[in-house]
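Spelled out, the chains give:
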Amino acid sequence: MVLLPIKPIVIKSSRPARETVKLCLRRSFLFLSFVCVLVVCVFGIDNLAFVDERKAGEKNDDAFDLMKNEKKDNDRGRRRPGFGLIDSVLRASTATTTKEEIMNEVEEMKYERPSDESSSEDSGGGAFGDIEEEEEEVGKEEDESAKEIDTPSTTTTMDEVKEKEEEKPIDVTTKEVEIKEEEQREQPAAASSVEREETKGEAPREEGDEREQRIAEDDLTPKSFVEFTAKDLEDVERFDYMMQKRDGSIGLSKNQCQEVKTYFQETLKPRYEDLKTNRIVIIDWSENYQNGIGDEMQHYQELFIIGVSTGRAAYVKTQKAECDGLGVSEGDEIENSKTYEDLARKCQFDLGDYFIGYGDVDWKWDKGKRRRAKKELFEEGDFEETVFTWSQKGAYIGDEQPERYKGGFYAEPDENSIVKTMEHPKFQAARVARIRIKTNFGHWCHPKPSDWGICLSYRWATNFENNFTSSKCGEACGVGSCFGTHMLMPRKHLKIAMLPAFEEMSRRGWKQIVGAHIRTGFADMSQVEPPTNVPRVVKQADLASVDELLATERTQRTYPEPKCPIKKDEHSVSWPRGSDDEDAGAGSAPLTLFLKCLADLMRDVRLKESDPLGLFFTTDSPAINAILHSPEALEVLRVNGTEVLSTVGSFGNVKFSNTGVCDDASDSCIASDPRSAWLKSMVDMTLLGETDVELLLYSSKFADAALMRSIKVKRGRVHFYEDTRITHQLIDPLVSRIQKPNPSEEDWKAWGLLWDNFGPSGERIDVKGSTLARKTSVA
């Protein structure tokens, strides 16, 4: 199964043919139901054998809900054009399915969300709870909702009555007549408009052209997604319900991590509710070099811990000063960015856009928080903050750049920076204190004296030396585990984006899930335009071509023996495999061998042989994503297409704003919008945290980031080829060389081969990538 984003919803006067037939059947049944009820009421017939009033009532409720959800879906579609993963559905991916057939199915799914109905043989209850019980509860809620629509209160306003009348079923034939009449009424108005323009001596422009131009301009304008419709909020509630069911089914107690929950709820939340009493500290990380999420996940948590250790309401600031809003999290609407390119140039990834603390502890600093602080701390006067800069030379007051600063330091670089700052009189007097981090990009606790002050600050905050007991940030405070999980709870729009995958796992009855991650480095490659000057050697990437490429790479360096984390004896016969084995040697097929391990691992994690198999995999490569669903790969995995799940969208990374390439399945993908790639990355990372074990083809910290915000991965993370990074060894050096003047013919050949095997299918001139991708000098 593949997570496909739907196309932007365009308001039309007609629906797809199959959907129209479905609606006609439903409305015909509705009409017959009303007739039957009318007959019973008028003639007093109490025992009509063919009438079951209760069932008729339920069907009526279903029909009302269908129209209600239809309207909400359309409203939602108008609000979210081009932002594929948030408005996504799941469809099966097979070798014989064409793109047109898939998109036809997607178009149909827009009007009626798939149910979670599955037979007991298919699901067995699953790890997401009892599906029948879940549907029964949802059905009760829908019945209540329908009753509210049927019976307007005496205080209903005219607007509400009008809205509810619009939600009522309308006969299809009557609707078509009304549409034609409306079009006829518009024609004279359009004609008179043309006449008025002609009298002014100007060439008339057709109304349709104006509308098309306006729609095109709207598609190129970044949209904010900080408001939620009733349908969105229903999806959020459904996600929370399914998450609760899954936690219970895998034995996760409600009292798990109770100390951290209590700390967030009773200690931290009151600080953010009463800013005037508790005051603010901002840990400003925005000017530093931003790395991938595998590195930054640790930094976010460490900086937040240092902030809360001050006793103030602590915020982490990651976004650049020139960014006027990403329009992703509440209170951070887009203000001045007119194009996706503007957004990408001004802004960078911010983890706080996607996660919030437990109990709604919102630790992300943005302009919405600044407005609130101005109102509550300065009574709408000028916003004032005292800046404390931590540099590699030492800590000082002010925001001057370290290379130009000539004054004294209140703390040396190897002293406890946070303690020295808290002791400073200006910090104690400041209503808003901003601590500006100007060290290297991280890894502060490595033996580097220039960054040792931050390391000491973290150790002091967590009481690291005494096993984190009696820390300044609550019990069990530290990176990862319970604290990381509850610092990073998904925001509403991330829950909405993940819901289709959760629903699909539920339908398939997945209980134990294997997570796989293959980082090829293509996300880094996509910051440079595709090589249109190099013809494709591999017309269509497949398992064999990728095996050949990776096997060639293995000949350039020594690879360790592959590790497959099998525990049960019946599955460990073939593992471990040494370098002398036929399919593990230097000339073998690394990807195929990796899939063989996954095949055994899926069967190894099952508690019972009758439990369904489940594989969720992530990758930064459109080609690898397609290959894992191919018949060849499924044969190696010994599964069918319904036992494999992945996401599609914009393949990029969080390190850059100019990465992102759409694959063929992402019809509504906008690669120049960096938020698309960032959202897909966060969906993948969070879902990896719901698996039982994570297996990576090569070393990558992406899966480590998933572990730092999840306590559910029972078997942890395993690198199939330990300490082997194709990105560091092959991709990054080539990306650097290909951007220099006159790259060698050998580099161009290698660059083209990598695009062949990792990039999207088709001609490279047709690739949908970021318009900000760097240009190259054509050989």
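Our structure's up above, just so we're on the same page.
Residues numbered from 1 in each chain as written. Predicted model: local features only at pLDDT ≥ 70, side-chain atom pairs only at ≥ 80, totals over all residues. Heavy atoms only, no water.

Chemist: Please provide a residue-by-residue account of the overall build of the chain, values included.
Modeler: In terms of helices and strands, the chain carries 28 helices and 16 strands. Looking at the 779 residues of the chain, the share that counts as buried comes to 53%. Residue pairs at least 24 apart in sequence account for 77% of intrachain contacts in the chain once pairs closer than 6 positions are excluded. Surface accessibility of the chain: about 35800 Å² in total, with carbon and sulfur atoms responsible for 50%. (Helix = DSSP H or I, 4+ residues; strand = E, 2+ residues; numbered from the N terminus. Buried < 20%, exposed > 50% of the residue type's maximum accessible area, 1.4 Å probe, protein only. Contact = heavy atoms within 4.5 Å. Areas by Shrake-Rupley, 256 points an atom, 1.4 Å probe, with all protein chains shown as cover.)

Chemist: An account of helix H9 (residues 230–249) is needed here, citing residue identities and associated values.
Modeler: Here H9 spans 29 Å end to end across 20 residues, near enough to the 28 Å set by a 1.5 Å rise per residue. The complete set of buried residues in H9 reads Lys231, Asp232, Asp235, Val236, Arg238, Phe239, Tyr241, Met242, Met243, Arg246 and Asp247. (Expected span 1.5 Å × (residues − 1).)

Chemist: Help me get a handle on the state of the cysteines, residues and values and all.
Modeler: Summed over the entire model, instances satisfying the criterion amount to five disulfides. The disulfide partner of Cys473 is Cys477, and the S-S distance across this bridge is 1.8 Å. Here the disulfide of Cys473 and Cys477 is left-handed, its torsion about the S-S bond being about -100°. Taken as a pair, Cys473 and Cys477 share a single burial class, namely buried. (Disulfide = S-S within 2.5 Å.)

Chemist: How would you summarise the packing of aromatic side chains if you had to cite specific residues and measurements?
Modeler: The tally for this structure, following the rule as stated, stands at 24 aromatic pairs. When the ring of Phe388 is compared with that of Tyr410, the centres are 6.2 Å apart and the planes differ by 90°; the resulting orientation is edge-to-face. You can see Phe388 sitting in strand S6 (residues 386–391) and its partner Tyr410 sitting in the loop between strand S7 (394–397) and helix H15 (417–423), a full 22 residues away along the chain. Accessibility classification places Phe388 together with Tyr410 in one group, the buried group. Note on Tyr559 and Tyr721: the rings are 5.3 Å apart at their centroids and 70° apart in plane angle, and the pair reads as edge-to-face. Taken together, the positions of Tyr559 in the loop between helix H21 (543–554) and helix H22 (590–604) and Tyr721 in strand S16 (residues 717–721) put the pair 162 residues apart, joining distant regions of the chain. Residue classification places Tyr559 among the buried residues on the basis of a relative accessible area of 11%. (Phe/Tyr/Trp six-rings, centres within 6.5 Å; stacked < 30°, edge-to-face > 60°.)

Chemist: Account for the pairing of strand S12 (residues 644–647), with residues named and values stated.
Modeler: Covered by surrounding structure in S12 are Val644 and Ser646 together with Leu645 and Thr647, the residues of both alternating faces. As defined by bridge partners, strand S11 (residues 615–619) adjoins S12 across two bridges and the pair is classed as parallel. Of the residues in S12, the one forming a bridge with Phe616 is Leu645. (Pairing = 2+ DSSP bridges.)

Chemist: Explain the nonpolar core to me, and be specific about the residues and the numbers.
Modeler: Grouped together as the largest cluster of nonpolar side chains are 91 residues, with contacts concentrated most on Phe304 and Met682. A total of eight residues in this core trace back to one element, the largest contributor, which is helix H12 (residues 293–308). Not counting residues up to four positions away in its chain, the partners in contact with Phe304 are Phe264, Leu268, Tyr272, Ala314, Val316, Trp363, Phe483 and Met487. Residues Val546, Leu550, Leu695 and Ile731 belong to the second largest nonpolar core, which totals 57 residues. (Core = buried A, V, L, I, M, F, W, Y, C linked by side-chain atoms within 4.5 Å.)

Chemist: An account of the sheet that holds strand S4 (residues 313–317) is requested, with residue identities and associated values reported.
Modeler: A sheet is described by the order of its strands in space; here five strands give the open sequence S4-S3-S8-S6-S7, paired in mixed fashion. Single-partner strands in this sheet number two, and they are S4 and S7. When the angles between neighbouring strand axes are averaged without regard to direction, this sheet yields 20°. In the sheet, strand S3 (residues 280–284) pairs with strand S8 (residues 432–438) via five bridges, with the strands oriented parallel. Within S8, the residue paired with Asp284 across the bridge is Arg436. (Axes fitted to C-alpha atoms, helices over the stretch in contact; angles between N-to-C directions.)

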